[in-house]
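Listed below, chain by chain, are the residues.
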Amino acid sequence: MIFESDLVCIENTRMDRSAFHNLCDMLKTIGRLMPTKNMSVEEMVAIFLYIISHHAKNRIIKREFVRSGETISRQFGHVLNSILRLQGVLLKKPDPVPENSTDFRWKWFKNCLGASDGTYIKVNVLDVHKPRYRTRKNEIATNVLGVCSQDMQFIYILPGWEGSAANSRVLRNAISRRNGLKVPKGFYYLCDAGNVIERCFGLLKMRWAILRERSWYPVKTTCRIISACALLHNHIRREMTLDPLEMEGTSSQRLGKASKRATHQWTSNEDAILVQCLLELVNQGWNKDNGFRSGYLQQLEKWMAEKIPNCVIKGDPHIKSRMKTLKTQYREVADMLGNAGSGFGWDNVNKCVICDLSVWNEWIKGHKDVAGLRNKPFPHYDELGIIFGKDRATGEGAEAPGDVVENIQVEEATEKATSEAYDVMNNGENYDDYFDVNLENVSESILFTNTGNSESSPSMGKRPTVQGEKDMGRKRQKTKKSSEVDETFVKIMAKLGEICEGAKEKIGKLASCFQHLADNAKRKMQVYDVIAAIEGLTDEDALKAVAIIYLLILIRRMCYSQFQTV
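Analysis parameters
- Residues numbered from 1 in each chain as written.
- Predicted model: local features only at pLDDT ≥ 70, side-chain atom pairs only at ≥ 80, totals over all residues.
- Heavy atoms only, no water.
- Helix = DSSP H or I, 4+ residues; strand = E, 2+ residues; numbered from the N terminus.
- Buried < 20%, exposed > 50% of the residue type's maximum accessible area, 1.4 Å probe, protein only.
- Contact = heavy atoms within 4.5 Å.
- Areas by Shrake-Rupley, 256 points an atom, 1.4 Å probe, with all protein chains shown as cover.
- Axes fitted to C-alpha atoms, helices over the stretch in contact; angles between N-to-C directions.
- Parallel < 35°, antiparallel > 145°, perpendicular 65-115°, else oblique.
- Phe/Tyr/Trp six-rings, centres within 6.5 Å; stacked < 30°, edge-to-face > 60°.
- Salt bridge = Lys/Arg side-chain N within 4 Å of Asp/Glu carboxyl O.
- Polar contact = N/O pair within 3.5 Å; in protein donor to acceptor, adjacent residues only side chain to side chain.
- Pairing = 2+ DSSP bridges.
- pLDDT = per-residue confidence, 0-100.

Counting its secondary structure elements, the protein chain contains 20 helices and 8 strands. Going through the 566 residues of the protein chain one by one, you find that 39% of them count as buried. Restricting to contacts in the protein chain with at least 6 residues of sequence separation, those with at least 24 account for 67%. For the protein chain, the exposed area adds up to about 33,200 Å²; of that, 54% sits on carbon and sulfur atoms.

Structure follows, in structure tokens:
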């Protein structure tokens, strides 16, 4: 697959042999990917590239590489984490268009760093999360923000946002993240630029088949695979002088259709009745993934006509357009109130957003839809939360490559700390020793039978006994068996006592461990409250800060214990 020829290597891994070996070298030195006793780094990387190139299932890889399914899954995760650690090397550094540029496509955009746009990639999510991930094309997908350079290498990529989120919202989040997209003063990116970024996304999906269809991995793993595919795309374009896929070309056209314009001027009373009707739809079970089921507009039109005399409001376009406006306003208000440290507040009496004028002017620069909502009543915010709240994208699964590396470090530290906690609880003892009871011997000593007894059988040449001798023999035998049962019973009870005593000691240790974990969690919450009070920090930043602090404390304790041992 790798060593036969460049043609075979490109067919299976999407890169030639030179690029493949250079990638393996970087994964060993920078990505900290280590070989195992039975598998080399080259084989691990080949398995990973083959899976994402052909979207191959685990059982196909088991047959091709003669490995167990567990080994393939484990090594796939190791290679994925190692590739993500290369993000500092493989992500393209932005290079502005110079003043003397002669490129006929870019010479008109002086100081431009690149182009940005979004694309949808299908994901596999739980049914409860499908409304947030359903796109306008009725697909379950994640909205991926990509930023590329003039030579179609990725500068930044942010997968994980739900498919219902607009590109502008994802872009605002990318700029505000700690490891987000940086735009130096005096420079800019072309947003929704079309040709170059769409060609870049087209090459990405043509190269890696796993991005063209819904994968079998959880959404978190899928988003990390998307980032890894972008990094490998950059590696191929740097290492290979000619990209075979680029010759085929990727062109896409954005299709749009004119929408009907709503001309009805809505009153506050009509808004209130519409919200009541929408709540009635929810109570009757009309809602489904990211909206309502077919026929809801006709039902709303019927209810509105019953409650408003001489009503001229139609389901399409009037109600449909007003619902879109209310949904947009609700999401914008929810973003303002959910942004920790943003300076916004909510007046429960007047049902409106309150803030300083400077904060408001700064916010509406990127949120034109809420320009008139400051100090203006928005009385149906709570009701709209019931109607549209579950469909609102939160971006909780979004991870840039830099965020992924930090999260992997936190996950590894958490796993190590959990393992040490279990070691402390068990104290190196084996529970099996407490239950080492030979039940076969017990059953043999308890279960008795006279059937086929050789000593009492006439066929063995023994003399027959009279009835009195038989009665005396049975009494002596019964007495002997009773003493054996008593002795066995005493031994069993003694053993049970030892087991209970050992279990009591273990339960005490377990309770102490749980108490230690509870105290530790309480201390973490106290640290979190102090950090969260710092102005400008989001909840995510505060949680990461707490994790880093306790990671440093764990490292300090380990170093101190080793020093005492020495």
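Attention now goes to the packing of helix α3 (residues 41–54) against helix α10 (residues 219–239). For any two helices packed against each other, the geometry is given by the interaxial angle and the distance between the axes. Closest axis-to-axis distance for the α3/α10 pair is 12 Å, and the angle between their directions is 105 degrees. By the criterion of interaxial angle, the relationship of α3 to α10 is roughly perpendicular. Residue-level contacts link Phe 48, Leu 49 and Ile 52 of α3 to Ile 225, Ala 228, Cys 229 and Leu 232 of α10.

We now examine the packing of aromatic side chains. Going through the model one piece at a time under the given rule, you end up with 5 aromatic pairs. Taking 6.3 Å as the distance between ring centres and 70 degrees as the angle between the ring planes, the aromatic pair formed by Trp 106 and Phe 109 counts as edge-to-face. Taking relative accessible area as the criterion, Trp 106 reaches 7% and is therefore assigned buried. Taking the centre distance of 5.9 Å and the plane angle of 55 degrees together, the rings of Phe 154 and Phe 201 count as tilted. One end of the pair, Phe 154, is in strand β3 (residues 154–162); the other, Phe 201, is in helix α9 (residues 195–207), and 47 residues separate them in sequence. Taken as a pair, Phe 154 and Phe 201 share a single burial class, namely buried. Pairwise contacts between aromatic rings join Phe 48, Phe 76 and Tyr 217 into one cluster.

Pairs can form between side chains of opposite charge whenever their charged atoms are close. A full pass over the atoms with the stated rule returns 14 salt bridges. Here Glu 162 ties to Arg 132 by a salt bridge, and the two come within 2.4 Å at their closest N and O atoms. Placement of Glu 162 in strand β3 and of Arg 132 in helix α7 (residues 130–133) is noted, with a sequence separation of 30 residues between them. By relative accessible area, Arg 132 is classed as buried at 9%. Connected through salt bridges with shared partners, the residues Lys 220, Arg 224 and Glu 411 form a single ionic network.

Below, the discussion takes up the side chain of His 318. Considering the arrangement of structural elements, one finds His 318 in helix α14 (residues 315–338). Side-chain polar atoms of His 318 contact the backbone nitrogen of Lys 314, separated by 2.9 Å.

This part is about the sheet that holds strand β2 (residues 141–148). Strands sit in the order β3-β2-β1-β4 across an open sheet of 4 strands; the sheet is mixed. Edge positions in the sheet fall to β3 and β4 (188–191), since each has one partner strand and no second. Neighbour-to-neighbour, the strand axes of this sheet turn through a mean angle of 25 degrees, independent of strand direction. Sheet analysis places strand β1 (residues 112–122) next to β2, joined by 8 bridges and oriented antiparallel. Each residue of the ladder has a partner; that of Thr 119, found in β2, is Val 144. Contacts from α9 reach β1, β2 and β3 within the one sheet, and its direction differs from that of β1 by about 45 degrees.

Across a regular strand the side chains alternate sides, sitting on one face of the sheet and then on the other. Most of β2 sits out of view: 8 of its 8 residues are buried. With burial as the criterion, each face of β2 is covered, one bearing Ala 141, Asn 143, Leu 145 and Val 147 and the other bearing Thr 142, Val 144, Gly 146 and Cys 148. Taken together, the 6 bridges between β2 and β3 define a ladder with antiparallel strand orientation. Across the sheet, residue Val 147 finds its bridge partner in β3, namely Tyr 156. The turn linking β2 back onto β3 is made up of 5 residues, and Met 152 within it adopts a positive phi angle of 60 degrees.

Moving on to the confidence of the model for the protein chain. One rule of thumb: low pLDDT means the predicted coordinates there are not for detailed reading. When pLDDT is averaged along the protein chain, the result is 77, and 74% of the positions lie at 70 or above. Across residues 249–262, confidence stays below pLDDT 50; counting only partners more than four residues off in sequence or on other chains, it has 15 contacts. pLDDT under 50 marks residues 429–467. Its contacts with residues more than four places away, or in other chains, come to 30 contacts.

Moving on: unusual backbone geometry. A cis amide bond links Asp 316 with the next residue in sequence, Pro 317, at an omega value of 20 degrees. Within the chain, Asn 138 stands out as a residue other than glycine whose phi angle is a positive 65 degrees. Of note, Asn 138 is situated in the loop between α7 and β2. Residue classification places Asn 138 among the exposed positions, given a relative accessible area of 53%. One non-glycine residue, Met 152, lies in the positive phi region at around 60 degrees. With respect to the helices and strands, Met 152 occurs in the loop between β2 and β3.

Here the focus is the environment of Asp 356. Examined against the element boundaries, Asp 356 turns out to sit in the loop between β8 (352–354) and α15 (357–363). Along the sequence, Asp 356 and Gly 345 sit 11 residues apart, while their C-alpha atoms lie 9.8 Å from each other.

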